[in-house]
Amino acid sequence: MKNEELKNRDLNVLWHPCTQMKDHESLPLIPIKKAYGVYLEDFEGNRYIDAVSSWWVNMFGHTNSYINEKVKEQLQTLEHVILAGFTHEPVIKLSERLVKLTPKNLDKCFYADNGSSAVEVALKMSYHAHLNDGKQKSLFVSLTNSYHGETIGALSVGDVELYKDTYKPLLIRSVQTPVPKDMSLDAAVVAAKSFEDLCLQRHNEISAIIVEPLIQGAGSMHMYHPEFLVLVRDICNRYDIHLIADEVMVGFGRTGEMFACEKAKISPDFLVLSKGLTGGYLPLSVVLTSNDIYAKFYCDYNEHKAFLHSHSYTGNALACAAANATLDIFENENIIEKNRVLAQYMGEKLQKFKDLPNVASVRQTGMVCAVALQGYKPEERIGLRVYQYGLNHGVLLRPLGHIVYFMPPYIITKEEIDIMMDTAYEAIVRLI
Ligand SMILES: *Cc1c(COP(=O)(O)O)cnc(C)c1O
């Protein structure tokens, strides 16, 4: 009853993200009453395993008691303060920890409040850093099939047609260089060669290349070899081009290391973090960069040299408290190590999908697994059918087109992995 009532009230006044609202004439919205651990529960007592970590943000389960406690504690003393001219302990502590945890030469933290805005910050800083050096470089390079968010600048460097096409006349200039076509070393070398060819011709114009290290999330969980990042880092060094690592999705352990760049042992000029940063609690994002780049903006007052960018909620204290609590859990509970066991278990279970005639391939990087289906036309919307089957059987799967993937919170148990992956398997079998 309550479910029905809320659905109707919702559709009266809400417009949901990334949704054709007419779909909700047949596809029921699901009002969630409460959530705990990997579970979401609706008003009729149905539970769903959150196999997508609520759009890739949740790390240690919903209403995690430790994070709850830390956010409540913060709430008693300071909820928010302007970060220009003022500061607070949670943001200082978080910055010290991030500088320590991330690859070397990332020494300064600049905050925003979502992934897209942080991408905008990195693009503007890159352009502005060159400008402060007396160089006009206004072209950004990104990878084919990449995704960096929905604001105009972030959308411009993305390459998922579905999100981008409509807005083409509004976008800023960017060029795409091929992403490695698969996870092989060969593909990495071939793709890096294309990037080098582009740099050879246009390095004078190119400010930065922005990449999603190892996994292109919204680009159907496409994965590639770490060597690509090693080669790109080297090319960037030689052509005076910045490397922006957009780890909004892959950061905080998704790839098996705390940060994906560690798998290639490289340091980007800008590291962009968001989604998992607060454990999935509150909106927050950050761009880390080097003391070298910071120094290019540091001078006696000159209105053109300082980075005059801000967001109202920059460095929100509650969000920083949630982020600090999230980092405590990583530290205290040896999460990266524990995840290796879970990742291996998911990897073993992934193998049996390969035998299905409608499965083209499976792939995995760390805590992210994907199953690519084959033999369907887009208008068949098979992703939607897998989604609905999942919901009817207690699992929130949200396929990207014909890619069914698993990216659960790290507190998932083996028994819950069984339910999550067996349900997806059944859903795929039913499509045959
Ligand atoms: C989700 C995502 C973004 C955008 O973050 P929002 O918080 O949704 O604006 C940017 N880059 C990558 C790689 C992402 O996965």
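Things to note about the overall build of the protein
Along the backbone of the protein there are 15 helices and 16 strands. Taking 432 residues into account, the globule formula puts the C-alpha radius of gyration at 22 Å, and the protein, at 22 Å, falls close to it. Residues counted as buried form 55% of the 432 residues belonging to the protein. Taking the intrachain contacts of the protein between residues at least 6 apart in sequence as the baseline, contacts between residues at least 24 apart amount to 71%. Within the structure as shown, the protein displays about 19800 Å² of accessible surface, and the carbon and sulfur contribution to it stands at 53%. Charge-centre separation for the protein: the mean point of 43 positive side chains lies 1 Å from the mean point of 52 negative side chains.

Looking at empty space enclosed by the protein
Under the criterion given, the structure shown has one cavity of 30 Å³ or more. Roughly 40 Å³ of volume is contained in the largest cavity. Residue lining of the largest cavity: Ser-146, Tyr-147, His-148, Gly-149, Leu-155, Gly-158, Asp-159, Val-160, Tyr-163 and Lys-164, and that is the complete set. Looking at side-chain class alone, the lining of the largest cavity contains four nonpolar, four polar and two charged residues.

Considering the packing of helix α8 (residues 185-202) against helix α9 (residues 227-239)
Two elements in contact, α8 and α9, have axes whose closest approach is 8 Å; the angle formed by their N-to-C orientations is 15 degrees. Compared by their axis directions, α8 and α9 come out roughly parallel. Relative to α9, the crossing made by α8 is right-handed. Listed contacts from α9 to Leu-185, Ala-188, Val-189, Ala-191, Ala-192, Phe-195, Glu-196, Cys-199 and Leu-200 of α8 are Glu-227, Phe-228, Leu-231, Val-232, Ile-235, Cys-236, Arg-238 and Tyr-239.

Describing the pattern of salt bridges
Applying the stated criterion across every chain, the model contains 23 salt bridges. Between Glu-161 and Lys-168 there is a salt bridge; the shortest N-O distance is 3.9 Å. Lys-168 gets classed as partly exposed once you look at its relative accessible area, which sits at 43%. Each of Lys-349, Lys-352, Asp-418 and Asp-422 takes part in a single network of salt bridges with overlapping partners.

Regarding the sheet that holds strand β15 (residues 395-396)
With mixed pairing, four strands are arranged side by side in an open sheet as β1-β2-β3-β15. On the outer flanks of this sheet lie β1 (32-36) and β15, each paired with one strand and no other. Strand direction decides the pairing type here: β1 and strand β2 (residues 39-42), joined by four bridges, are antiparallel. Bridging across to β2, Lys-34 finds its partner in Glu-41.

With respect to the pairing of strand β14 (residues 368-373)
Counting buried positions along β14 yields six of six residues, so the element is predominantly enclosed. Of the two faces of β14, both are covered, the one formed by Val-368, Ala-370 and Ala-372 as well as the one formed by Cys-369, Val-371 and Leu-373. As consecutive antiparallel partners, strand β13 (residues 359-365) and β14 are separated by two residues, and within that stretch Gly-366 has a phi angle of approximately 55 degrees, a positive value. Pairing geometry for β14 and strand β16 (residues 403-406), over four bridges, is antiparallel. The residue of β16 that forms the bridge with Cys-369 is Phe-406.

What to know about the nonpolar core
Of all hydrophobic cores here, the largest spans 119 residues; its most connected members are Leu-98, Met-221, Phe-252, Phe-330, Phe-353, Val-371 and Phe-406. Ranked by the residues each element gives to this core, the list is headed by helix α12 (residues 317-332), at nine residues. Counting residues domain by domain, this core receives three or more from each of domain 1 (31-63 + 335-431) and domain 2 (68-332). Once you skip the residues sitting within four places of it in the chain, Val-371 turns out to touch Leu-350, Phe-353, Val-359, Ser-361, Val-362, His-402, Ile-403, Val-404, Phe-406 and Ile-428. Within the second largest apolar cluster, 20 residues are counted, among which are Ala-154, Ala-208, Ile-244 and Phe-307.

Some words on the packing of aromatic side chains
All chains considered together, the criterion is met by 14 aromatic pairs. Judged by centre distance (5.3 Å) and plane angle (70 degrees), the ring pair of Phe-252 and Phe-259 falls under edge-to-face. Here Phe-252 and Phe-259 have matching classes, each one buried. Here Phe-353 and Phe-406 contribute two aromatic rings whose centre-to-centre distance is 6.2 Å and whose plane-to-plane angle is 55 degrees, an arrangement assigned as tilted. Placement of the pair is Phe-353 in the loop between α13 (335-350) and β13 and Phe-406 in strand β16, with a sequence separation of 53 residues. Assessed through its relative accessible area of 0%, Phe-353 is described here as buried.

Regarding the domain arrangement of the protein
Once the domains are mapped, the protein shows domain 1 (31-63 + 335-431) and domain 2 (68-332). A separation of 27 Å is found between the C-alpha centroids of domain 1 and domain 2. With 25 residues of domain 1 at the contact, the number on the domain 2 side is 26 residues. Across the domain 1/domain 2 interface, buried area totals approximately 2300 Å², and carbon plus sulfur atoms make up 64% of it. Considering only the surface of domain 1 that becomes buried against domain 2, Trp-56, Ile-336 and Thr-365 emerge as the three largest contributors, covering 26% of it. Here domain 1 is connected to domain 2 by zero salt bridges. Where the side of domain 1 that touches domain 2 is concerned, the elements lending two or more residues are α2 (53-56), α13, β13, β14 and β16. Sort the elements by how many residues they give to the side of domain 1 that touches domain 2 and α13 lands first, with four residues. Of the residues assigned to the side of domain 1 that touches domain 2, the class counts are 16 nonpolar, seven polar and two charged.

Some thoughts on unusual backbone geometry
Despite not being glycine, Trp-55 has its phi angle at roughly 60 degrees, a positive value. Here Trp-55 lies in helix α2. Given the relative accessible area of 39%, Trp-55 is considered partly exposed. Positioned with a positive phi, Asn-334 is a non-glycine residue whose angle comes to about 55 degrees. Among the secondary structure elements, Asn-334 is positioned in the loop between α12 and α13.

Quick notes on the rules
Residues numbered from 1 in each chain as written. Predicted model: local features only at pLDDT ≥ 70, side-chain atom pairs only at ≥ 80, totals over all residues. Heavy atoms only, no water. Helix = DSSP H or I, 4+ residues; strand = E, 2+ residues; numbered from the N terminus. Rg over C-alpha atoms; globule rule 2.2 N^0.38 Å. Buried < 20%, exposed > 50% of the residue type's maximum accessible area, 1.4 Å probe, protein only. Contact = heavy atoms within 4.5 Å. Areas by Shrake-Rupley, 256 points an atom, 1.4 Å probe, with all protein chains shown as cover. Lys, Arg positive; Asp, Glu negative; His and termini not counted. Charge placed at Lys NZ, Arg CZ, Asp CG, Glu CD. 1 Å grid on protein atoms, 1.4 Å probe; cavity = no way out; pocket = protein on both sides within 12 Å on 5 of 7 lines; lining within 4 Å. Points joined across faces, edges and corners; volume = space filled by probe spheres on them. Nonpolar A, V, L, I, M, F, W, Y, C, P; charged D, E, K, R; others polar. Axes fitted to C-alpha atoms, helices over the stretch in contact; angles between N-to-C directions. Parallel < 35°, antiparallel > 145°, perpendicular 65-115°, else oblique. Left-handed = near helix turned anticlockwise from the far one by under 90°. Salt bridge = Lys/Arg side-chain N within 4 Å of Asp/Glu carboxyl O. Pairing = 2+ DSSP bridges. Core = buried A, V, L, I, M, F, W, Y, C linked by side-chain atoms within 4.5 Å. Domains from an automatic or database assignment. Phe/Tyr/Trp six-rings, centres within 6.5 Å; stacked < 30°, edge-to-face > 60°. Buried area = accessible area lost by both parts, 1.4 Å probe.

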